[in-house]
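Each chain, letter by letter, is given below.
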Amino acid sequence: MGTAPTVNYELVVRGGTIVTPERLIRADLAVADGTVCAIGTSLAHADKEIDATGRYILPGVVDAHVHFREPGMAYKEDFGTGSRAAAVGGVTTVFDMPNTVPPVATLDIFEHKLDTVAGKSHVDFGLYGMLGQDNADEIPKLAGAGAIGLKLFMGQTTGDNPCPDDGAIYRGLRAAEESGLVVGVHAENNPLLQQLAKELRAQGRTDVRAHLESRPPLVEVEAVTRIATLAGAVGTTLHIHHLSTRDGLERVKMLRALGHRLTVEALVGHLLLDDSAYDEFANLVKLNPPVRPAEHGAALWAGISSGDVDIVATDHAPHSGEEQAEPNVWCAHGGWIGVETSLPLMLTQVAQGRLTINDVVRLCAANPARIWGIDDRKGHLDVGADADFVIVDPAAPGVVTGAHLHSKHPVTPYEGWETTGSVEATYLRGELIAEHGEIVGPPRGRHLAPRDRKPTTLGGPL
Ligand code: NCD
Ligand code: ZN
Ligand code: ZN
């Protein structure tokens, strides 16, 4: 019957539109050995065929900022539940933060964490190490063990890990540079926010807006300026996690004009919520750095249009119901879930004309893969890349429904939000891992180390 195929494809996705940061390509996509092996028209027949007519084929989302809470805080989330949420949401790679228990400051702890989570993840994952007060000697070992990067907590947040002083930061930045690791920063000035919190507490304030007032833009701007100055002197590749203020973004532009190179992350939460959310949700939307008045979100959106914001991440930060319902803001825990809802929410922004589908691929897949050095395999669907892809119906209506989410405590401030654009199916290295809101198959996720130690070409002047 017909001509025998010359190539043995395992899977062909037909009739869809492949999305890159620059283009929309109407073509079929073929998979062999878990990688993309051909893109074109009239590809040979495969045993498995998928009809993607009218659908977008996106590279799987690379979420560079999640907290899956293992080991030590599995009552909030674990790698099984967190990665199920990711897979269903079209996220095929996550980078997990190091503020687990114990914090990932040494090689031993890193290896223990890897042992704990290996075999549980439905998506591929990188693990961050921590840049702490006393662990500069461990940094080359963390790099050797495959840490995806380091996180530096300059300001207090979940885990209450001590914030290193400038001497320790400088030492850690040097070790990171020598080891070729990207340093991602929680850029808030700790002594300043502690002082402001003390004054607000002394006034008897316990409401959620007191937390916002304790972390004004100055807290972020000072930390961004200081870390860019230190990292610039050392030559460390620098990434600012969850940049949240107009002032912080203006400062980043000034720093780039001075020749500093740094990449910037905006969170879905900071883009979609403003301080009016406190009236409805109170401490559920406590976040470090805080959800702010709308002008700051508008500045982040402008930064997306101008290219000053490099990536969008979720900061998926689950907590128990009691922790989030705590009425005193100083006792409530910062952050909420988001890894499962981020792509549908961003697709909705596309449908509303706020950005393009190409922007979503650039911000949520291609750029994070480049920054952390996994772009040989992840973040795009060129021939040779891992066949991590998401089939999206850009017009399908949906409603965010906590009861359908896969996190341990599926409480979301987006409850009831109407969405346009849905994740129909998620594939990891050519295997179906989620379809129509449900997980498929056993955990297949693998640990990912950065490919090379070459610094990213993103982030400013070379
Ligand atoms: C994060 C968490 O809960 O681990 N919380 C938050 O408010 N952002 C920690 C963090 O990313 O700073
Ligand atoms: Zn943080
Ligand atoms: Zn975080």
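What counts, and where the lines are drawn
- Residues numbered from 1 in each chain as written.
- Chains lettered and ligands numbered in written order.
- Predicted model: local features only at pLDDT ≥ 70, side-chain atom pairs only at ≥ 80, totals over all residues.
- Heavy atoms only, no water.
- Buried < 20%, exposed > 50% of the residue type's maximum accessible area, 1.4 Å probe, protein only.
- Helix = DSSP H or I, 4+ residues; strand = E, 2+ residues; numbered from the N terminus.
- Donors = N, O, S within 2.8 Å, 3.2 Å for Na, K, Ca; no water.
- Near = heavy atom within 4 Å.
- Polar contact = N/O pair within 3.5 Å; in protein donor to acceptor, adjacent residues only side chain to side chain.
- Nonpolar A, V, L, I, M, F, W, Y, C, P; charged D, E, K, R; others polar.
- Domains from an automatic or database assignment.
- Contact = heavy atoms within 4.5 Å.
- Buried area = accessible area lost by both parts, 1.4 Å probe.
- Salt bridge = Lys/Arg side-chain N within 4 Å of Asp/Glu carboxyl O.

Looking now at helix α13 (residues 342-351). Note: α-helices contain 3.6 residues per turn, so residues at a spacing of three or four share the same orientation. Burial of α13 is extensive: eight of the 10 residues sit out of reach of the surface. All buried positions along α13 are accounted for by S342, L343, P344, L345, M346, L347, T348 and Q349.

The zinc ion (ligand 2) binds to the protein through K151 (NZ), H186 (ND1) and H242 (NE2), with metal-donor distances spanning 2.1 to 2.3 Å. In terms of primary sequence, the donors binding the zinc ion (ligand 2) are separated according to K-x34-H-x55-H. For the pair the zinc ion (ligand 2) and the zinc ion (ligand 3), the metal-to-metal distance amounts to 4.1 Å. Note that K151 is positioned in strand β11 (residues 149-153) and H186 in strand β12 (residues 183-186), a separation of 35 residues in sequence.

Below, the discussion takes up the site of ligand 1. Neighbouring ligand 1 are 16 residues, the closest being R69, T157, T158, H186 and D315. Within the side chain of N99, an N or O atom sits 2.9 Å from an oxygen atom of ligand 1. Between ligand 1 and G334 there is a distance of 3.1 Å, counted from an oxygen atom to a backbone nitrogen or oxygen. Taken together, the residues of the shell around ligand 1 sort by class into two nonpolar, 11 polar and three charged.

Right, let's talk about the domain arrangement of the protein for a bit. Examined at the domain level, the protein breaks down into domain 1 (9-57 + 384-397 + 414-439) and domain 2 (60-372). A separation of 29 Å is found between the C-alpha centroids of domain 1 and domain 2. Across the contact, 29 residues belong to domain 1 and 29 residues belong to domain 2. Buried surface at the junction of domain 1 and domain 2, summed over both partners, amounts to about 2,200 Å²; 70% is from carbon and sulfur atoms. For domain 1, the biggest contributors to the area lost against domain 2 are P21, Y414 and I439; these three give 30% of the whole. The interface formed by domain 1 and domain 2 contains one salt bridge. The closest approach of N and O atoms between R429 and D124, which form a salt bridge, is 2.6 Å. Connecting domain 1 to domain 2 are six residue pairs in polar contact (both at pLDDT 80 or more). For the side of domain 1 that touches domain 2, the secondary structure elements donating two or more residues are β16 (389-399), β17 (418-428), β18 (431-435) and β19 (438-439). The element best represented in the side of domain 1 that touches domain 2 is β17, accounting for nine residues.

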